[in-house]
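What the coordinates show
Each chain is listed here by its residues.
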Amino acid sequence: MIRWILLKLVGIFLPSLISKAVSPGQQATSNIALNVEFKILDNGITIINDQINVESASIGVWIGAGSSNENNDECGIAHMLEHMAFKGTKNRNAETIAREIEDVGGDINAYTSKEVTAYFLKVLKENAELGVDILSDIIKNSTFPKDEIERERGVIISEIGQSYDAPDDRVFENFTKTAFKNQPMGRPILGTKETVSNFKQSDLKFFRINLGLYQLKKLHWLNDVLLMKLYHCLQANQLLSFL
């Protein structure tokens with residue numbers, strides 16, 4: 001629990017510290033690690049760039065919006081959006097997304113928390129541009145196919161059922177429900193069987209558009225925070241040219 005609290009504090013305060021320290025278009029080097037650079041692009045995206053001596057690239061996007069942005073009848077929709085990001089875009093279907101990553105030996109995943117939605121992947125350094133392209137595509141161009149919504153609905157309802165078999169999950173949910181009574185922060189990230197059963201394609205699109213979510217050129221996220229974290233051995237200018 002202590003570790004979880006520390007991670008939450010880092011997630012809450014790091015973006016604001018970065019935005020205060022660096023203005024859009026400027027670049028600064030961290031005093032903590034000489035290889036870590038913070039840069040805010042003109043479109044508001046904060047880049048955390050860590051050049052290390054490895055043969056791979058780990059790339060992630062952390063969006064400052066999660067389940068706490070939901071209304072009562074939207075409980076679980078941020079988590080469902082995260083699932084649906086991998087199920088088809090304007091440029092790739094679900095099979096293509098999975099195949100392009102697997103064909104280069106990469107790994108891609110995501111998670112939803114109360115205040116953050118994150119998408120991240122790891123590929124060999126020569127496939128870094130592909131990794132950035134896939135992340136950008138699933139975040140900006142998801143189409144939420146109706147048949148995939150039905151499949152993921154069943155997956156998520158199964159997740160909700162499994163959470164009742166995990167004592168630590170139940171303790172956490174009961175704690176937040178009590179601590180944040182009648183507030184979005186106190187509702188379960190996974191949602192409920194009732195709410196998840198009722199989500200439609202239009203609901204997913206409305207939630208995304210209403211918050212301005214996943215539109216990289218116009219940020220309206222909570223605290224206007226979007227972090228892209230890069231861990232790699234490429235030259236910084238080379239990797240940033242992919243963005």
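Residues numbered from 1 in each chain as written. Predicted model: local features only at pLDDT ≥ 70, side-chain atom pairs only at ≥ 80, totals over all residues. Heavy atoms only, no water.

1. Examining the overall build of the chain
Formally: Helix and strand assignments come from DSSP, with helices taken as H or I runs of at least 4 residues and strands as E runs of at least 2, each series counted from the N terminus. For each residue, the accessible area found with a 1.4 Å probe, counting protein chains only, is set against the maximum for its type, and the residue is called buried under 20%, exposed over 50%, and partly exposed in between. Note on contacts: a residue pair qualifies if any of its non-hydrogen atoms lie within 4.5 Å across the two residues. In short, Shrake-Rupley with a 1.4 Å probe defines the accessible areas, and a residue's cover is counted only from the protein chains shown.
Counting secondary structure elements, the chain contains nine helices and seven strands. Burial status across the chain gives 46% buried among its 243 residues. Pairs at least 24 residues apart make up 72% of the contacts formed inside the chain by residues separated by at least 6 positions. Counting only carbon and sulfur atoms, one obtains 53% of the accessible surface of the chain, whose full area is about 13,200 Å².

2. Structural notes on unusual backbone geometry
A positive phi angle, near 55°, is found at F144, a position not held by glycine. Turning to its location among the elements, F144 is positioned in the loop between α4 (128-140) and α5 (146-163).

3. A short note on helix α6 (residues 167-179)
Just so we agree on the cut-off: Multiplying 1.5 Å by the residue count of a helix minus one yields the expected span of that helix. For this quantity, the arc is that covered by the directions from the helix axis to the C-beta atoms.
Across its 13 residues, α6 extends 18 Å between first and last C-alpha, which sits within 8% of the 18 Å expected from 1.5 Å per residue. Burial in α6 covers these residues: F172, E173 and T176. Taken end-on, α6 shows its buried residues confined to a sector of 95°, consistent with a single buried face. Of the exposed residues in α6, those oriented more than 90 degrees away from the buried face are P167, V171, F175 and T178.

4. With respect to the pattern of salt bridges
Note the threshold: One speaks of a salt bridge when a side-chain nitrogen belonging to Lys or Arg is within 4 Å of a carboxyl oxygen belonging to Asp or Glu.
The final tally for this structure, using the stated rule, is 10 salt bridges. Note that E150 is salt-bridged to R153, the shortest N-O span being 2.8 Å. A residue pair is termed a helical-turn pair when its members lie 3 or 4 positions apart in one helix, as E150 and R153 do in helix α5 at three residues. Judged by relative accessible area, E150 falls into the partly exposed class, the value being 48%. Note on R153: relative accessible area 10%, which makes it buried.

5. Comments concerning the packing of helix α2 (residues 77-84) against α5
Think of two packed helices as two axes; the pair is described by the angle between the axes and how far apart they sit. Our working definition: Note on geometry: axes are lines fitted to C-alpha atoms, helical ones only across the stretch in contact, with angles between N-to-C directions running from 0 to 180 degrees. Relative orientations are named as follows: roughly parallel for angles under 35 degrees, roughly antiparallel for angles over 145 degrees, roughly perpendicular for angles from 65 to 115 degrees, and oblique for any other angle. Note: crossing handedness is left-handed where the near helix turns anticlockwise from the far helix by less than a right angle, and right-handed where it turns clockwise.
Between α2 and α5, whose axes approach to 10 Å, the crossing angle comes to 125°. Considering their axes alone, α2 and α5 lie oblique with respect to each other. α2 and α5 meet at a crossing whose hand is right-handed. Note on element contacts: α5 touches α2 through E148, I149, E152, R153, V155, I156 and E159, opposite H79, M80, H83 and M84.

6. Quick notes on the pairing of strand β2 (residues 36-40)
Here is the rule we go by: We call two strands paired when DSSP finds no fewer than two bridges between them.
Along β2, four of the five residues are buried, which leaves the element largely enclosed by surrounding structure. One ladder, built from five bridges, connects β2 with strand β3 (residues 46-51); its direction is antiparallel. Bridging from a neighbouring strand, I40 pairs with T46 of β3.

7. Describing the nonpolar core
For soluble globular proteins, the rule of thumb is that nonpolar side chains tend to be buried together. The criterion, for reference: In plain words, nonpolar cores are sets of buried Ala, Val, Leu, Ile, Met, Phe, Trp, Tyr and Cys residues tied together by side-chain atoms within 4.5 Å.
Core analysis: the biggest nonpolar cluster contains 19 residues, and I59, Y119, L135 and I138 have the highest contact counts within it. Those elements giving two or more residues to this core turn out to be β4 (56-63), α3 (94-103), β6 (117-124) and α4. When residues in this core are grouped by element, the largest group, six residues, is from α4. If you look at the next biggest cluster of nonpolar residues, it comprises 14 residues, including L81, I160, V196 and F207.

8. As for the pairing of β6
Looking at chain direction, β4 and β6 are connected through eight bridges and run antiparallel. Bridge pairing in β6 links S58 to K122. Note that strand β5 (residues 107-112) and β6 share six bridges and pair antiparallel. By the bridge assignment for β6, Y111 is matched with A118.

9. Some remarks on the environment of I52
Within the element layout of this structure, I52 appears in the loop between β3 and β4. The spacing of I52 and N35 is 17 residues in sequence and 7.2 Å in space, taken between C-alpha atoms.

10. Observations regarding the packing of aromatic side chains
To keep things clear, this is the line we draw: Each pair of aromatic rings taken from Phe, Tyr and Trp, with Trp reduced to its six-membered ring, is defined by centres within 6.5 Å and is described as stacked if the planes are under 30 degrees apart, edge-to-face if over 60, and tilted in the remaining cases.
The final tally for this structure, using the stated rule, is three aromatic pairs. A centroid spacing of 6.2 Å and a plane angle of 50° characterise the contact between F86 and Y119, whose relative ring orientation is tilted. Here F86, found in the loop between α2 and α3, pairs with Y119, found in strand β6; they are 33 residues apart in sequence, far enough to count as distant. One exposure class covers both F86 and Y119, and it is buried. Ring centres 6.1 Å apart and planes at 55° place the aromatic pair Y111 and F120 in the tilted group. The structure contains a cluster of three or more aromatic residues connected by ring pairs, namely W62, Y111 and F120.

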